[in-house]
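# Tertiary structure, described
Now for the letters of each chain:
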Amino acid sequence: MSAGAAVSVRGVRRTFGSGRNAVHALSDVSFDVAPGELVALVGRSGSGKTTMLNLVGGLDRPDAGAITVGDVEVTALDEAGLVRLRRDTVAFVFQTFGLIPVLTAAENVGVPLRLRGLPVPDRERRVQLLLQLVGLADHAAQRPTELSGGQQQRVAIARALAVSPRLLVADEPTGQLDVETGLAVMALIRAVVEAEGMTAIVSTHDPVMIALADRAVRLVDGRLVDA
Amino acid sequence: MAMVTALVVAGATVLGLCSLLLTTVRDQALVAAVRGTDPASVQVVAAVTLADDATAADAAARALAEVSDTTQTALAAFPTTTSVWATSTRLLLDPAPDGGLRQTYLLDGDDVAAHATLTAGRWPTSGAAAVTEVALPDSAARLLGVASGSTISLTGAPQHAGEPPADPRTVLVVGTFTPRRGDQAWTRDPLDAAGYATYALGAALPAYGPLVVAPGTLVGHQPVARFSVVLTPVLSGATTSRIATAERDLGGLRRALDERLGERASGVALANPYPETLQQVRAQLGVTASVVLVAALLAGALAGTALGLAARLLADRRAAEHTLLVARGAASRQLAAHAAAEALVLALVAAALSIPLSLAAFRALARIPRLARAGMDAAAAAPTAVLVATVGGAALGLSGVLVVVSLRSRGTRGRAWRHGLVARSGVDLVLVALAVLGYLQLRAHRVALGAAVDPVLVAAPVLCLAAGAVLALRVLPWVARLAEVHAARSSRLVLPLAAWELARRRHSTAGAFLLVLATATTTFGLTFVATWERSQADQADAQVGAQLQVDPGAVAPIAEGRALGAATGGSPMAVTQRSISLGSLIGADTSGHATQLLATDLRAGHGFEVGRPPAGTTWAAATAGLATVDPAGPLLPAGPLRLVLTGDTADGTPVVATPSLVVEDPWGGQAVLDGGPVPLDGAPHELRIATGPDAVPLPDRLRLVALDLGLALGDGAAPSPDANQTSVVTVRTVLLGATAGSGSSDWFGSTSTDPWQIARGAQATEAGDPAGVGVTASATVSLTGLLYESGRLVVVAGSPVADVPVVVTAGLADELGAQPGGRLSLTVGQSQLDGRITGVVPYLPSIVAPRGVLADRTTLDRALLGAGDLSPLTDRWWVSGLADPRAAAAAVTAGGLGAPQTRDAVAAQLRDGPLRMAILAATWLLVAAAALLALWGTAAHVVASIGARAVEVARLLGLGMSRAAVGAALLVQHGGVCLLAVGTGALLGGVVVRLVVPLLVVSSTGAPPVPDVLVVWPWPALAVAVTLLALGSVALAAPVASAAVRRASATHLRMEGQP
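Reading the values: the criteria
Residues numbered from 1 in each chain as written. Chains lettered and ligands numbered in written order. Predicted model: local features only at pLDDT ≥ 70, side-chain atom pairs only at ≥ 80, totals over all residues. Heavy atoms only, no water. Helix = DSSP H or I, 4+ residues; strand = E, 2+ residues; numbered from the N terminus. Rg over C-alpha atoms; globule rule 2.2 N^0.38 Å. Buried < 20%, exposed > 50% of the residue type's maximum accessible area, 1.4 Å probe, protein only. Contact = heavy atoms within 4.5 Å. Areas by Shrake-Rupley, 256 points an atom, 1.4 Å probe, with all protein chains shown as cover. Lys, Arg positive; Asp, Glu negative; His and termini not counted. Charge placed at Lys NZ, Arg CZ, Asp CG, Glu CD. Buried area = accessible area lost by both parts, 1.4 Å probe. Salt bridge = Lys/Arg side-chain N within 4 Å of Asp/Glu carboxyl O. Polar contact = N/O pair within 3.5 Å; in protein donor to acceptor, adjacent residues only side chain to side chain. Phe/Tyr/Trp six-rings, centres within 6.5 Å; stacked < 30°, edge-to-face > 60°. Pairing = 2+ DSSP bridges. Axes fitted to C-alpha atoms, helices over the stretch in contact; angles between N-to-C directions. Domains from an automatic or database assignment. 1 Å grid on protein atoms, 1.4 Å probe; cavity = no way out; pocket = protein on both sides within 12 Å on 5 of 7 lines; lining within 4 Å. Points joined across faces, edges and corners; volume = space filled by probe spheres on them. Nonpolar A, V, L, I, M, F, W, Y, C, P; charged D, E, K, R; others polar. Core = buried A, V, L, I, M, F, W, Y, C linked by side-chain atoms within 4.5 Å.

## Here we look at the overall build of chain B
On a plain count of helices and strands, chain B comes out with 27 helices and 36 strands. Since a compact globule built from 1059 residues should have a radius of gyration of about 31 Å, the 39 Å found for chain B marks it as more spread out than a globular shape. Projecting the C-alpha coordinates of chain B onto the three principal axes gives extents of approximately 135 × 65 × 45 Å. Expressed as a percentage of the 1059 residues in chain B, the buried residues total 52%. Taking as baseline every contact in chain B between residues at least 6 positions apart, the subset at least 24 positions apart corresponds to 82%. Surface accessibility of chain B: about 42,700 Å² in total, with carbon and sulfur atoms responsible for 60%. Side-chain charges of chain B comprise 72 positive and 73 negative groups, with the mean position of each set lying 24 Å from the other.

What follows is the structure, encoded as structure tokens:
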């Protein structure tokens, strides 16, 4: 691991299936992400971007290699450790927004805070602040089905920021948005990363989005070709 | 698809089994009921009185043969035993000592000996004896002064005016007998076994008889006036076809007899109870069928609901396939055709499986001992057209649910869902309206109307449960809202998340409907069975007043109580139960029931515990105040009764007194003992009293309760016929060896009931005597009246009864507008008594009529004796305190003490009889099916609802929620729904039980039961069932939730679209 890296990926390999049906999603991938850096993970569909993000976020385990987030070696964590990692250190933004449909925007944002057991007044204050941050203070009581795609993704970003994670992992956050909205969302991510001083890895294949990142890491057929 | 198929099979199997209960079991029950019917109760009796010109021996024999042939042909479906009794034309006896004409008749019966007890000599034979041998009743023998070995001279009475009497002849008395008391065979005797009547045989002459001759010596040899043919069917080999054949043939018997006899018969009386008995059996089967149909409809509703849930699971699983088909241009019609074809195949497969499964389930049910004992025969399980039609229809109907769900699932969620909500609201309202209408109809008519099954009445319970479940579902979200409010205030996630899901997810309570309905049905079924069984026991208690009820047999009344006590080991109690008139309320009510009087010992502590007491009170409280007097009178010594009579008249007119003693045993049995005439000449005359016609020795502890002195003028008395000459008659009766009784030693004179008022101002006193107890009776006697009519001086032990306190039934009170404190005029026999109402009760034990009157036996007896009525009051016996009523009943039968009936046997017949077995079977089946279908359907719902949340589970895991916490949230949500649904279902079941079960539990004829239904809550069974449903339904979610959490992976996060 490079000294001072927020995220360090070393020799990671991930294969799905076995034998003749084996799919090598990632092969010997290594890269680092500096603290406060916004890295775009670039590649075509099926190149291994999502697999890489899932491994970094502790949603999946590599077959080989090591991943470190801050001073925590993710690949060495047990199930409880991974839960703690996802709860306290890493936050996700999904391509499909990942909101709980039966909850309002405010309740969705409050989910991570509930997982931490934050007192109700503190939670409500934090939720209000985050919704104001993403410009949805007036939509707090609306459910996801009552919000547009961009609004949903902004709620997802607010939720991701709720517990002030050190690492934001966003998987194609603009994939289901039109260009204009996608740019706005990407700009929001850029802004909050700078404002909160967090590190972010964002997967995308949109060149416009890539331009907003500090740098790009390119995956081709599961191999890192440009870091 | 396997789950859907299994549900269709299960539903069709349950309904197929119900069809077997309605058809095969119905036939079995009919056969078992007919086989179990007392053959005597369906005897065909054809009693023919021949026209005067058809009594000749040959003609009568021909008529008899034709009647026998016609009746046997009508009952040819069954083997029969035939009994023929024929009586001769009138015969004249030698004139009485006073010169009066007397008549008699011969009786030729092939089974007379089976209906009588020989008391002396032997039965006549048709041997080579020169004279005809006869046997006659003891009573007739005593009155005629003949005994075995005596001869009786007979002359054929002229049949027509001016006709000379037939040749005289002599018959030889070879035996005497006592007809069995209560034996219906003696109704064929012109004198009804009395042995004597002042007017009979169509002539105003005293008649004595019958003179029983040897079988076969009358018919064909001598003129016959009347004969009766009794056919008793052997029902042990009854089959459905034989039963129907006999019913059809017997229906035309009356007409056939009339046609064959023509003018030869002056009267034909036909007792043909078989069709009516069958009608009653069918009415009971109709009641049973109604209850079975209720169970079948409920099972069908549950199966349909469970299948709906499973179909939704299938539709969800096929959503992608369906979308693809639509995208590739499949038309709605094509999709509907595809769904229909699939449903048809499913129906065929399910039907093919359900038919053998129904038969197997039937065999399993039939092996349950209680049902097997009732006559349910496993061997009778065979495919029938009804079974095939029912199973096929059920499978098709249930498969149709699949089509409906499949088609409905295509609609878009927005507008279609809102439209569905509105439509559902409409359906809800219609369902509730139908339930209300059904309930009102049920309340008006109860579940069964005899043999016919009313679909509205049968559907009412199902509608009530379904409407209740629908309404309950409307309430569940409100409960969830409360949880939601609590969730907002919580700092945790698991419980709030469950509450949110419950309150806000559209299908979260879809499975609740099934659970609510199934739990309500289970509660309903279990409570119905318990209530129904309790009601049958209550009805048995109401029909039979004690553990054992005995209708008197051949034993002399004075010994019956003792004999019953010795034979049964219990405590006998004499009971009066007979029809009476109340003032102007004479005859039967609209239901054919006359007012019934019930009287027994109601003194406190004498155990009038006769089944369930009226609500809110006890029998002791309800009957308090009815026993206003205690037994009184001196106690007589055991053995022969001797007494000394000393009497005189104030003016010395010779008068003869003939004493009759009314004695009562400790059990309430009474008898009248007659003494011989004694001249009242001032001298003491000792008498030995005969103890009844059978000369039974007097038992100890007999009490003299009344003394009746018949008065007549003695030799040489010549009172003035023109002026009413009176004289005070005083008679002192010393009962030798008697002791004073424990009660009052007061006596009073009865009011004179004879129109001449011969004895007036009767009074009496009791005093000790060195030889026993003396009773001195006196009255002012009209000597002139004695010229024309014998007089009676009746004195009664104890104090007089001014009025008889009574408790009346609510039905009678309503009819009369009477209430406690009101008065009644009771006509008991020929006596009129004043009654005072002290209470009103819903029913009286052993009285099925709406009009019933209960009185204390001693009080009633005292009042009747005070009115000069000495008729015995013992109509039947109740025996209580029995360890083994069945053994006691057997002992009563073996001892010839009468016809026993045990309360347990009646209850068992009502509860477990063949006509009822399908009720139990169907209800047990319903409870089992409800539990099975509920769990099955819930499993389908759980799989569908949790499976649909796979993406959400993955998101929660991605947010940092542990797998355990996600699993717990799923379980809490599902468990909350299940527990709420089960609790609501139990509550709904309770409400429907309260409203509906009392209307479903009816008597064997479908009428409201007596006493009213008392809802019985089988708490342990309900607790077990509800707990099993709650835990079972919650437990079903555990593996599904666990699997959902285990399978959730990052892959789900890439799934497109919102769940």
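## Notes on the overall build of chain A
Across its full length, chain A holds 7 helices and 10 strands. Whereas a compact globule of 227 residues would reach a radius of gyration of roughly 17 Å, chain A reaches 17 Å, a difference of no more than 12%. Projecting the C-alpha coordinates of chain A onto the three principal axes gives extents of approximately 50 × 35 × 35 Å. The buried share of chain A, taken over its 227 residues, is 56%.

## Topic: the interface of chain B and chain A
With 31 residues of chain B at the contact, the number on the chain A side is 29 residues. Here chain B packs against chain A, burying approximately 2,700 Å² in sum over the two surfaces, 59% of which is carbon and sulfur. It is Arg504, Arg955 and Leu959 of chain B in chain B that bury the most area against chain A; as a group they hold 24% of the surface buried on that side. Our count for the chain B to chain A interface comes out at 1 salt bridge. Its salt-bridge partner being glutamate 79 of chain A, residue arginine 963 of chain B comes within 3.4 Å of it at the nearest N-O pair. Here chain B is connected to chain A by 6 residue pairs in polar contact (both at pLDDT 80 or more).

## Some remarks on the packing of aromatic side chains
Residues and elements named next belong to chain B. Under the counting rule described, the total for this entry stands at 9 aromatic pairs over all chains. Measuring from ring centre to ring centre gives 5.0 Å for tyrosine 196 and tyrosine 208, while their planes differ by 50°; the resulting arrangement is tilted. One end of the pair, tyrosine 196, is in strand β10 (residues 196–197); the other, tyrosine 208, is in strand β11 (residues 207–208), and 12 residues separate them in sequence. For tyrosine 196, a relative accessible area of 31% corresponds to the partly exposed category. Among the residues examined, tyrosine 208 registers a relative accessible area of 9% and is labelled buried.

## Digging into the sheet that holds strand β16 (residues 571–579) of chain B
Residues and elements named next belong to chain B. Pairing is mixed across the open sheet formed by 10 strands, whose spatial order is β17-β32-β33-β31-β34-β18-β16-β35-β15-β36. This sheet does not close on itself; its edge strands, each paired only once, are β17 (581–582) and β36 (898–902). Of the strand pairs in this sheet, strand β31 (residues 804–809) and strand β34 (residues 852–856) are connected by 3 bridges, and their pairing is antiparallel. The partner of valine 808 across the bridge, within β34, is valine 853. Running at roughly 85° to β34, helix α20 (residues 857–866) makes contact with β16, β18 (596–600), β31, β32 (823–828), β33 (831–841) and β34 of the sheet. Against the sheet, helix α21 (residues 885–894) touches β15 (548–552) and β36, its axis set at about 170° to β36.

## Brief notes about the pairing of strand β2 (residues 23–33) of chain A
All names here are of chain A. Bridge count between strand β1 (residues 7–16) and β2: 7 bridges; the pairing is antiparallel. Among the inter-strand pairings, valine 12 is bridged to a residue of β2, identified as valine 29. As consecutive antiparallel partners, β1 and β2 are separated by 6 residues, and within that stretch glycine 17 has a phi angle of approximately 80°, a positive value.

## Quick notes on the domain arrangement of chain B
One can read the domain layout of chain B as domain 1 (2–26 + 279–540 + 911–1053), domain 2 (40–235 + 262–273), domain 3 (546–629 + 803–891) and domain 4 (635–797). The C-alpha-based centres of domain 2 of chain B and domain 3 of chain B are spaced at 37 Å.

## Remarks on the layout of surface pockets
Residues and elements named next belong to chain B. Considered as a void within the structure, the second largest pocket measures approximately 1,400 Å³ in volume. Lining the second largest pocket are 43 residues, with Gln284, Gln543, Leu910, Ser1004 and Thr1005 sitting closest to its centre. Residue contributions to the lining of the second largest pocket peak at 5 residues, all from helix α7 (residues 274–317). Considering only residue class, the lining of the second largest pocket consists of 21 nonpolar, 18 polar and 4 charged. Two domains share the lining of the second largest pocket, each providing at least three of its residues, namely domain 1 (2–26 + 279–540 + 911–1053) and domain 3 (546–629 + 803–891).

## Considerations on the pairing of strand β21 (residues 655–664) of chain B
Residues and elements named next belong to chain B. By the criterion of burial, β21 is predominantly enclosed, with 8 of the 10 residues buried. Looking at chain direction, β21 and strand β25 (residues 702–713) are connected through 10 bridges and run antiparallel. Residue leucine 661 lies in a different strand from β25, and its bridge partner there is leucine 707. Where β21 lies against strand β23 (residues 678–679), 2 bridges are found, and the strand directions are antiparallel. Bridged to valine 656 within β23 is proline 679.

## Points about unusual backbone geometry
Residue glycine 209 of chain B is joined to proline 210 of chain B through a cis peptide bond whose omega torsion reads 5°. Inspection of the secondary structure assignment puts proline 210 of chain B in the loop between β11 and β12 (211–213). The omega torsion across valine 1010 of chain B and proline 1011 of chain B is 0°, close enough to zero to call that bond cis. By the element assignment, proline 1011 of chain B lies in the loop between α25 (963–1000) and α26 (1019–1047). Phi angles above zero are rare outside glycine, and phenylalanine 97 of chain A is one such case at about 75°. You will see that aspartate 192 of chain B, though not glycine, has its phi angle at about 50°, which is positive. With respect to the helices and strands, aspartate 192 of chain B occurs in the loop between β9 (168–179) and β10.

## A few points about the nonpolar core
Residues and elements named next belong to chain B. In terms of nonpolar packing, the biggest core is built from 169 residues, with Phe78, Phe227, Ile243, Met376 and Phe524 touching the most fellow members. If one sorts the elements of this core by residue count, α7 sits on top with 20 residues. Core analysis: the second largest hydrophobic core is formed by 41 residues, Ala657, Leu702, Leu783 and Leu786 among them.

## Observations concerning empty space enclosed by the protein
Taken as a whole, this structure holds 8 cavities of 30 Å³ or more when the rule is applied. In this structure, the largest cavity spans a volume of roughly 80 Å³. In terms of lining residues, the largest cavity is bounded by Arg86, Arg87, Val90, Ala91, Phe92, Pro112, Arg159, Ala160 and Val163 of chain A together with Gly958 and Leu959 of chain B. If one sorts the elements of the lining of the largest cavity by residue count, strand β6 (residues 90–93) of chain A sits on top with 3 residues. Counted by class, the lining of the largest cavity contains 7 nonpolar, 1 polar and 3 charged residues.

## A look at the side chain of threonine 938 of chain B
Residue and element names in this part refer to chain B. Its location among the elements puts threonine 938 in helix α23 (residues 917–947). At 2.5 Å, the side chain of threonine 938 and the backbone oxygen of alanine 934 are in polar contact. When sequence neighbours within four positions are dropped, the list of residues in contact with threonine 938 reads Leu514, Leu515, His974, Cys978, Ser1033 and Leu1036.

## Re the sheet that holds strand β26 (residues 726–736) of chain B
All names here are of chain B. Overall, antiparallel pairing links the 5 strands, which are arranged β24-β20-β26-β29-β28 in an open sheet. Unpaired on one side and paired on the other, β24 (685–689) and β28 (759–769) mark the two borders of the sheet. Across the sheet, the mean angle from the axis of one strand to that of its neighbour is 25°, orientation sign disregarded. Relative to β26, strand β20 (residues 641–649) is paired through 7 bridges, and the arrangement is antiparallel. Note on β26: the bridge partner recorded for leucine 645 is threonine 733.

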